[in-house]
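The lines below spell out each chain.
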Amino acid sequence: MTDSLALSDIELAAIRADFPLLGHRLADGKELVYLDTAATSQRPRVVEEAMREFTENHNAAVHRGAHQLAAEATLAYEAARAGVADFLGASPEELVFTSGTTAGINLLVASFLAASGNKSGGSSQRFAVGPGDRIVVTEAEHHSNLVPWQRLAQLTGAELAWLPVDSAGRIRLDEISRVIGPRSRIVAFTGASNVSGAVTPVAPLVDAAHQVGALTVMDAAQLAPHQPLDVGALRVDFAVLSAHKMLGPNGIGGLYGRAELLQAMPPGSLGGSMVEIVTMREATFQPPPARFEAGTQAVTQAVGWAAAIAYLNDLGMDRVAAQEHALTSRLLAGLARIPGLRVLGPAEADGRIGAVALEIEGVHPHDAGQFLDAEGIAVRVGHHCAQPIHRAMGVTSSTRASLGLYNTALEVDRFLDAVSQVRSYFGVGR
Ligand code: PMP
């Protein structure tokens, strides 16, 4: 990682000016320090502007109706799809709009379930799982990439197995040959942990999965906002992500699936807009991606997401990564100098994103969060919807600061200063 690509102070100031919320003053007049981007990112003005432009000039339901407005809306929706797909290194027909990462994984699980219950054979059988089959996940997963797979295992009789994490929350690749075997059908893993921040080395997982004919599912919710992403180069079969973590609006996200797989996969959600011919007994389905987009779609949000991606592209994801790497290094170096703290993740900025979870010895994360909040610093406390990885690292919850491309060195220093006072404030370690 070359930190020389990091933003200059002038560039960073110009970027911050694009994000109205970053100028927010708290009730006590303090400046907000927003260190909760891993939960949701702030949005540049262009995102709201793109959505307003769509609402005021082109709003209509897409892929329906003969009127011109519907055609305009459809054009905007499909242009948004092309923009998002391009960002991922995919083609537009490989990108299904969903309401977010969670919805994308549930859609996949519903599709696997539909295939597993279909005894008539055909191309959907490659998505069927049953007794004796294995679904592999990891201990680093967000609940949204774990609980749906638990359900698939329970309903089909398949076995759920997982790769454990090490003491820094990194997925243990040395366990691959024990966990991924001939009966493995699915290998689902996060691209980067929202707790440890560790970036997953994807190639060994994909190699092991493909060797035994298993399909790979990458949760890119935390990876996509922070690093250049190319699903083709990573060779994953499916990937899921959320717009709201990458400068975009709520309520929209994507499911990438390799073209050949989406062609063969049965839909997991059924209703309007995804069918061809419907009789009282049965229905035929559209080709992908429409087959997986049942119901009226979040077109305005898709347009907003595409604007967020255009903003990221203008900046360049290599520069976003370099900027965050430099700031993460500063944060980790500062934390290492404060006694009584344990970083629940890799201690170096290489191979991780800027989501940094802490154990503050003797202080409950909720107390730490309140102290930091009183200083104007917004962090996340709790288990961050990832209980197993916390348990594996010997804690039940943590205090997490997470960086976005708009954070400054000064903000990191304010956090370091505040966090260095937490233990003495609560009378610990005196
Ligand atoms: N996976 C990871 C790694 C996440 O960090 C999150 C959000 N915290 C999700 C999945 C779920 O994303 P969403 O709530 O947008 O569906």
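Since the model is a prediction, treat every value here as computed from it, not as a measurement. For every chain, the first residue of the written sequence is number 1, and numbering continues from 1 onward in sequence order. With the structure being a predicted model, the display of local features is reserved for residues of pLDDT at least 70 and the display and counting of side-chain atom pairs for 80 or more, all residues being used for whole-chain, interface and lining totals. To get the side-chain values, take all heavy atoms of the structure and skip hydrogens and water.

Caption draft 1: Inspection of the overall build of the protein at higher detail. Starting at the N terminus, helices and strands are each numbered in turn, a helix being any DSSP run of H or I of at least four residues and a strand any DSSP run of E of at least two. Looking only at helices and strands, the protein features 14 helices and 15 strands. The size measure is the radius of gyration over C-alpha atoms, and the globule rule it meets is 2.2 Å times the number of residues to the 0.38 power. Here the C-alpha radius of gyration of the protein, 22 Å, is about what a compact globule of 430 residues would show, namely 22 Å. A principal-axis box enclosing the C-alpha atoms of the protein has dimensions of 75 × 55 × 35 Å. We call a residue buried when its accessible area falls under 20% of the maximum for its residue type, exposed when it is over 50%, and partly exposed in between, using a 1.4 Å probe and counting protein chains only. In the protein, buried positions account for 54% of the 430 residues. Across the protein, contacts joining residues at least 24 apart in sequence account for 70% of those joining residues at least 6 apart. With residues, only the protein chains shown are counted as cover, and all accessible areas are computed by Shrake-Rupley using a 1.4 Å probe. In the form shown here, the protein has an accessible surface area of approximately 17600 Å², with 52% of it arising from carbon and sulfur atoms. This count recognises Lys and Arg as positive and Asp and Glu as negative, with His and chain-terminal groups excluded. All charge positions are set by atom: Lys at NZ, Arg at CZ, Asp at CG, Glu at CD. Positive and negative side-chain charges of the protein, numbering 33 and 44 respectively, have mean locations separated by a distance of 6 Å. In what follows, residue pairs with any heavy atoms lying within 4.5 Å of each other are defined as contacts.

Caption draft 2: Structural context of the site of the ligand. A cutoff of 4 Å decides nearness: a residue is near a molecule or strand if any of its heavy atoms lies inside that distance of it. Taken together, T101, T102, H142, S144, T190, N194, D219, A221, Q222, S242, H244 and K245 make up the full set of residues near the ligand. Separating an oxygen atom of the ligand from a side-chain N or O atom of Q222 is a distance of 2.6 Å. Between the ligand and K245 there is a distance of 2.7 Å, counted from a nitrogen atom to a side-chain nitrogen or oxygen. Computed on the free molecule, the ligand has an accessible area of 390 Å², of which 86% lies beneath the protein chains in the complex. A pocket here means an open set of points on a 1 Å grid, computed over the protein atoms alone, that has protein on both sides within 12 Å along at least five of seven lines. A cavity is instead a set of points where a 1.4 Å probe fits but cannot get out; residues with an atom within 4 Å of a point line either one. A molecule is said to be in a cavity or pocket once over half of its atoms fall within 2 Å of that pocket's grid points. With respect to the pocket detection grid, the ligand is positioned in the largest pocket. Residue classes in the shell around the ligand are distributed as one nonpolar, nine polar and two charged. Nitrogen and oxygen atoms within 3.5 Å of one another constitute a polar contact, given that in protein one can donate a hydrogen and the other can accept it, and given that sequence-neighbouring residues count only through two side-chain atoms. In the scheme used here, Gly and all other residues not listed as nonpolar or charged are polar, with Ala, Val, Leu, Ile, Met, Phe, Trp, Tyr, Cys and Pro taken as nonpolar and Asp, Glu, Lys and Arg as charged.

Caption draft 3: Up close: the sheet that holds strand β5 (residues 184-190). Paired strands, as defined in this entry, are two strands with at least two bridges between them according to DSSP. Strands sit in the order β2-β8-β7-β6-β5-β3-β4 across an open sheet of seven strands; the sheet is mixed. Edge strands, defined here as strands with exactly one partner in the open sheet, are β2 (95-98) and β4 (159-163). Strand-to-strand twist in this sheet, taken as the mean axis angle between neighbours without regard to direction, amounts to 20 degrees. In this sheet, β5 lies alongside strand β3 (residues 134-138) in parallel orientation, the contact comprising three bridges. Paired with R134 across the two strands is S184, which belongs to β5. Convention adopted: a line fitted to C-alpha atoms gives each axis, helices being fitted over their contacting stretch, and angles between N-to-C directions are expressed from 0 to 180 degrees.

Caption draft 4: Highlighting the environment of Y311. Position of Y311 relative to the elements: it lies in helix α10 (residues 299-315). Residue classification places Y311 among the buried residues on the basis of a relative accessible area of 12%. Put simply, Y311 and P44 are 267 residues apart on the chain and 8.2 Å apart in space, counted from C-alpha to C-alpha. Setting aside anything within four residues of it in sequence, one finds Y311 in contact with I15, D18, F19, P44, V46 and L247.

Caption draft 5: Here's a closer look at the domain arrangement of the protein. Parsing the protein into structural domains produces domain 1 (3-31 + 316-425) and domain 2 (49-313). Here the limits of each domain have been adopted from an automatic or database domain assignment. For domain 1 versus domain 2, the separation of C-alpha centres amounts to 29 Å. At the junction of the two partners, domain 1 supplies 32 residues and domain 2 supplies 31 residues. For any pair of parts, buried area is found by adding up, for both, the accessible area (1.4 Å probe) each one loses once the two are put together. A combined buried area of about 2400 Å² lies between domain 1 and domain 2, and 64% of that area is made up of carbon and sulfur atoms. Considering only the side of domain 1, the residues that lose the most area to domain 2 are M317, I353 and I389, jointly responsible for 29% of the buried surface there. We count a salt bridge whenever a side-chain nitrogen from Lys or Arg sits within 4 Å of a carboxyl oxygen from Asp or Glu. Between the two partners, domain 1 and domain 2, sit zero salt bridges. Our count for the domain 1 to domain 2 interface comes out at 13 residue pairs in polar contact (both at pLDDT 80 or more). Every element with two or more residues in the side of domain 1 that touches domain 2 is listed here: α11 (317-336), β12 (355-360) and α13 (387-392).

Caption draft 6: Focus on the packing of helix α2 (residues 45-57) against α10. At a minimum axis distance of 8 Å, the contact between α2 and α10 shows a crossing angle of 145 degrees. When the axes of α2 and α10 are compared, the crossing they make is right-handed. Residues V46, V47, A50, M51, F54 and T55 of α2 pack against V299, T300, Q301, V303, G304, A307, A308 and Y311 of α10. Taken together, the residues of the contact of α2 with α10 break down into ten nonpolar, four polar and no charged. Crossings are classed by handedness, with left-handed meaning an anticlockwise turn of the near helix from the far one by less than a right angle and right-handed meaning a clockwise turn.

Caption draft 7: Summary view of the pattern of salt bridges. Taken as a whole, this structure holds 21 salt bridges when the rule is applied. Two residues, E411 and R16, come together in a salt bridge whose shortest N-O distance is 3.2 Å. Placement of E411 in helix α14 (residues 409-425) and of R16 in helix α1 (residues 9-17) is noted, with a sequence separation of 395 residues between them. Residue R330 pairs with D413 through a salt bridge whose shortest N-O separation is 2.6 Å. Within this pair, whereas R330 is found in helix α11, its partner D413 is found in helix α14, the two being separated by 83 residues in sequence. Looking at R330, the relative accessible area reads 38%, which means it is partly exposed. Exposure remark for D413: the relative accessible area of 29% places this residue in the partly exposed category. Three or more residues are tied together by salt bridges with common partners; here these are R126, D237, R258 and E260.

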